[in-house]
Amino acid sequence: MTEVAEPEISERSKVESWRLHVLMEAGFPLPLAEKLAHSEADLHRTVEMVLSGCDHETAARILL
């Protein structure tokens with residue numbers, strides 16, 4: 001029987017995947033959510049800004 005080795009998913013990849021999920025849930029369009037997920041932008045601040053009425057593009061511009 002041949003063993004199939006699954007690629008190890010790095011901790012950073014897991015975090016970025018979770019960040020992407022949170023941003024998508026907050027209504028960010030996919031391309032913008034991907035940019036933010038892979039950046040050092042404060043995720044919680046990003047979502048707070050949108051919940052406070054800031055549009056997604058403006059929030060991204062401020063935080064990126």
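Residues numbered from 1 in each chain as written. Predicted model: local features only at pLDDT ≥ 70, side-chain atom pairs only at ≥ 80, totals over all residues. Heavy atoms only, no water.

Draft legend 1. How the structure looks around the nonpolar core. Judged by nonpolar contacts, the single largest core of 13 residues is most densely connected at Leu23, Phe28, Leu36 and Ala59. Secondary structure elements with two or more residues in this core: helix H2 (30-37), helix H3 (43-51) and helix H4 (56-63). For this core, the leading source of residues is H2, giving four residues. (Core = buried A, V, L, I, M, F, W, Y, C linked by side-chain atoms within 4.5 Å. Buried < 20%, exposed > 50% of the residue type's maximum accessible area, 1.4 Å probe, protein only. Helix = DSSP H or I, 4+ residues; strand = E, 2+ residues; numbered from the N terminus.)

Draft legend 2. Broad picture of the pattern of salt bridges. A full pass over the atoms with the stated rule returns four salt bridges. Among the salt bridges present, the one from Glu11 reaches Lys14, with a minimum N-O distance of 3.9 Å. Of this pair, Glu11 and Lys14 both sit in helix H1 (residues 11-25), three residues apart, which is roughly one turn of the helix. Using a relative accessible area of 44% as the deciding quantity, one classes Lys14 as partly exposed. For Arg12, the salt bridge identified is with Glu16, shortest N-O distance 3.1 Å. Taken together, the positions of Arg12 and Glu16, both in helix H1 and four residues apart, correspond to about one turn of that helix. One salt-bridge network, in which partners are shared between bridges, spans Arg12, Glu16 and Glu40. (Salt bridge = Lys/Arg side-chain N within 4 Å of Asp/Glu carboxyl O.)

Draft legend 3. Geometry of the side chain of Arg19. Here Arg19 lies in helix H1. If we ignore the near neighbours within four places in the chain, the residues touching Arg19 are Leu36, Ala37, Ser39, Glu40, Ala41 and Leu43. (Contact = heavy atoms within 4.5 Å.)

Draft legend 4. Looking closely at H1. Between the first and last C-alpha of H1 there are 21 Å, a value that for 15 residues agrees with the 21 Å anticipated at 1.5 Å per step. Of all the residues in H1, the buried ones are Glu16, Arg19 and Leu23. Seen from one end, H1 has its buried residues packed into an arc of 60 degrees, which puts them on one side. Facing away from the buried side of H1, by more than 90 degrees, are the exposed residues Glu11 and Glu25. Among the structural elements, H2 and H3 are those in contact with the buried residues of H1. (Expected span 1.5 Å × (residues − 1). Arc of directions from axis to C-beta.)

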